[in-house]
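These are the residues of each chain, in order.
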Amino acid sequence: MARVKRERKKRWRRRRFAQAHLGDAPKEKPHSPASIRVITYDKEKFSEEKIEDVSKLSDYRKNRGNVWVDVVGMDDLTAIQQIGEIFEIHHLVLEDAINFEQRPKTEQFDDWVFILLNESGAAPEFTHRQILIAFTKECVITFREESAKCVDTVVERLRNKHGSAHQHGGDYLVYLLIDAVVDTFFPVLEHFGDQLEDLEDEIIYNPSRQTIADVHEVKRELLALRRQMWPTREVINSLLRDATEFFEQESIMHLRDVYDHAVQIIDFIETYRELGADLMDVYLSSISNRMNEVMKVLTIITTIFAPPTFIAGIYGMNFNPQASPYNMPELNWYFGYPCALLLMLLVAVSVTLLLWWKGFLSALGPVDARKKKV
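Residues numbered from 1 in each chain as written. Predicted model: local features only at pLDDT ≥ 70, side-chain atom pairs only at ≥ 80, totals over all residues. Heavy atoms only, no water.

### Concerning the pairing of strand β7 (residues 139-144)
Selection criterion: Each residue's exposure class comes from its accessible area (1.4 Å probe, protein chains only) as a fraction of the maximum for that residue type: buried when under 20%, exposed when over 50%, partly exposed otherwise. Labels follow the DSSP assignment, with helices taken as runs of H or I lasting at least four residues and strands as runs of E lasting at least two, numbered in each case from the N terminus. A pair of strands counts as paired when DSSP detects no fewer than two bridges linking them.
Extensive coverage of β7 is indicated by the burial of six of its six residues. Side-chain alternation along β7 places Cys139, Ile141 and Phe143 on one buried face and Val140, Thr142 and Arg144 on a second face that is also buried. Sheet topology note: the strand β3 (residues 66-72)/β7 ladder contains six bridges and is parallel. Across the sheet, Val72 pairs through a bridge with Arg144, a residue of β7. Here five bridges tie strand β6 (residues 128-135) to β7, and the two strands are oriented antiparallel to one another. When the sheet's bridge partners are listed, Ile133 is paired in β7 with Thr142. Linking β6 back to β7 in an antiparallel pair, the connection comprises three residues.

Set out below in structure tokens:
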């Protein structure tokens, strides 16, 4: 239901933006205005300003320095369109900014490079938050629907002058943003790794339908991560291949490191997906083993009680001992009934001892808890 509502909102925004861009519909006042802040920095200083009037961004457009315009909230279509006009951003790129759940990609228009990425959310939601990065040699613009931890991390790094970010240009800032987005996948993979280990123990010692349902859920989440990470790797590779003129040599070297991180994440995803498939096989094997154990118990019970049942069946036959001396003469004994019970008991005990001596009863003991994972 939530996905349907999100798709409706997506189509509504697309229609609204198309109408506003073409001038076919009157502009309406947005319900939630966009939050715009401008960050300027260099080797000596750092400044952060919140912009209420979008037209003031034209002053920063003329500046030649490290300028970062961070836009949060995609409901204010009028403000988004004004930002696009000030910075001469193609309207197709702005449509990508307001339409969510898209595949990561990168495009180049004139002097601009546009990078669309998805940040991975934390457990237990694992929602993907879209971030559009538009940058040129003069400035960097980020569009996002809501707050993103990766962006806040980069802002704190610039504010506190951690590392050498404040000593480089906007291309290094783009690297920091891409690296922060890629790093959000590592905690998610760590969570799935721990969850798969717990599910493996459950499948071995206490398999159930809920356990296998959890395995399916993990596999679906890993597939969603794979659909995000594969194109993200291609985005970084495309930047290294086709957009080298926008990056300094230092930034290119760091982008290669981010590319290695993306490859490592994909390897983890593929490994965990294979582990999930193996857990399915382990589950089927565990169910089969439990069935074999049940059948073994039933077989042993049947083996123990079959001889007494045979004896009871013999003495349940309707023969007349008075008609012939061979027709069950023990039916007329004084201790005939106790002797029959004692015979059946002795046979059952003898069969049980025989099974124990052969080692068939040792497999029925409980699983040693010390064998479980410490």
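Text resumes after the structure shown.
### Describing the packing of aromatic side chains
How we decide: The rule is short: rings of Phe, Tyr and Trp, with Trp giving its six-membered ring, pair when the centres are within 6.5 Å, and they are stacked under 30 degrees, edge-to-face over 60, tilted in between.
Tallied over the entire structure, the rule returns eight aromatic pairs. Where Tyr334 meets Phe335, the ring centres are 4.8 Å apart and the plane angle is 85°; that geometry is what we call edge-to-face. Here the two residues Tyr334 and Phe335 agree in accessibility, since each one is exposed.

### Remarks on the nonpolar core
Spelled out, the test is: Only buried residues count toward a nonpolar core. Its members are Ala, Val, Leu, Ile, Met, Phe, Trp, Tyr and Cys residues joined through side-chain atoms within 4.5 Å. Any two residues whose heavy atoms approach within 4.5 Å are treated as being in contact.
In this structure, Trp68, Ile115, Ile178 and Phe247 are the most contacted members of the largest nonpolar core, which totals 57 residues. Elements with a minimum of two residues in this core: β1 (35-41), β5 (112-120), β6, α5 (149-159), α6 (170-183), α7 (185-205), α8 (209-242) and α9 (249-314). Once residues lying within four places of it in the same chain are set aside, the contact partners of Ile178 are Ile115, Leu117, Ile236, Leu239, Leu255 and Val258. Leu77, Ala97, Ile98 and Leu132 belong to the second largest nonpolar core, which has 30 residues in total.

### Examining the environment of Ile266
As for its position among the elements, Ile266 is in helix α9. We classify Ile266 as buried; its relative accessible area is 5%. Considering only alpha carbons, one finds Ile266 and Arg233, 33 residues apart in sequence, at a separation of 8.8 Å. Among residues more than four places away in sequence, those in contact with Ile266 are Met229, Trp230 and Arg233.

### Regarding the confidence of the model for the protein chain
For clarity, the threshold we go by: The predictor reports its confidence for every residue as pLDDT, a score running from 0 up to 100.
With 86% of its residues at a pLDDT of 70 or more, the protein chain shows a mean pLDDT of 80. Helix α1 (residues 2-22) is the least confidently modelled element of the protein chain, averaging 46 in pLDDT, while α6 averages 91, the highest of any element. Throughout residues 14-30 the model reports pLDDT below 50, and contacts reaching past four residues in sequence, or to other chains, amount to 20 contacts.

### Topic: the pattern of salt bridges
Counted only if it meets this: By definition here, a salt bridge exists when the distance from a side-chain nitrogen of Lys or Arg to a carboxyl oxygen of Asp or Glu is within 4 Å.
Following the criterion strictly, the structure yields 14 salt bridges and no others. A salt bridge links Glu48 to Arg159, with the nearest nitrogen and oxygen atoms 2.6 Å apart. Of this pair, Glu48 sits in strand β2 (residues 46-51) while Arg159 sits in helix α5, and the two are 111 residues apart along the sequence. For Arg159, a relative accessible area of 31% translates into the label partly exposed. A salt bridge links Asp242 to Arg241; the shortest N-O distance between them is 3.4 Å. According to the relative accessible area criterion, Arg241 is exposed, its value standing at 51%.

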